Amino acid sequence: MIQGCFLEVGWSRGDLTEAEWRVLKDLLPIEPENRGRGRPPEQNCSIINSILWRLRCGVPWRDISPKFGSWNTIYRRFRRWSEAGV
């Protein structure tokens, strides 16, 4: 099991499986030259699960469940990845 990825917020229907995460994790820009300013990205699996949850539910960014973390962090990561073509 990927360390901390699937137990952190609790697995729910629609979350990434371990196999899906293994494919996606290497596609994310986490090197300093690709990630922009600020702290190094952590918990990318939870970020992706929260983005998927938001897209499934169709809620505004500010209404993302607090179990996923800060809605603003999730939104900024989504925006940065979208702009980078991830």
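Up top is the structure.
Residues numbered from 1 in each chain as written. Predicted model: local features only at pLDDT ≥ 70, side-chain atom pairs only at ≥ 80, totals over all residues. Heavy atoms only, no water.

(A) Structural context of the environment of Asn 44. When you line up the elements, Asn 44 lands in helix α3 (residues 44-57). The class of Asn 44 is buried, set by a relative accessible area of 9%. Along the primary structure Asn 44 and Ile 74 are separated by 30 residues, whereas in three dimensions their C-alpha atoms are 9.5 Å apart. (Helix = DSSP H or I, 4+ residues; strand = E, 2+ residues; numbered from the N terminus. Buried < 20%, exposed > 50% of the residue type's maximum accessible area, 1.4 Å probe, protein only.)

(B) A look at the packing of aromatic side chains. In the structure shown here, the tally under the stated rule is three aromatic pairs. A centroid spacing of 5.7 Å and a plane angle of 50° characterise the contact between Trp 53 and Phe 68, whose relative ring orientation is tilted. Linking Trp 53 in helix α3 with Phe 68 in the loop between α3 and α4 (71-83), this pair joins segments that are 15 residues apart in sequence. What makes Phe 68 buried here is its relative accessible area of 7%. A centroid spacing of 5.3 Å and a plane angle of 65° characterise the contact between Trp 61 and Tyr 75, whose relative ring orientation is edge-to-face. Of this pair, Trp 61 sits in the loop between α3 and α4 while Tyr 75 sits in helix α4, and the two are 14 residues apart along the sequence. When its relative accessible area of 27% is taken as the criterion, Tyr 75 is described as partly exposed. Through a chain of ring-to-ring contacts, three or more aromatic side chains come together here, namely Trp 61, Tyr 75 and Phe 78. Lying over the aromatic face of Trp 61, Arg 54 brings its terminal NZ or CZ to 4.2 Å of the ring centre. (Phe/Tyr/Trp six-rings, centres within 6.5 Å; stacked < 30°, edge-to-face > 60°. Lys NZ or Arg CZ within 6 Å of the ring centre and 35° of its normal.)

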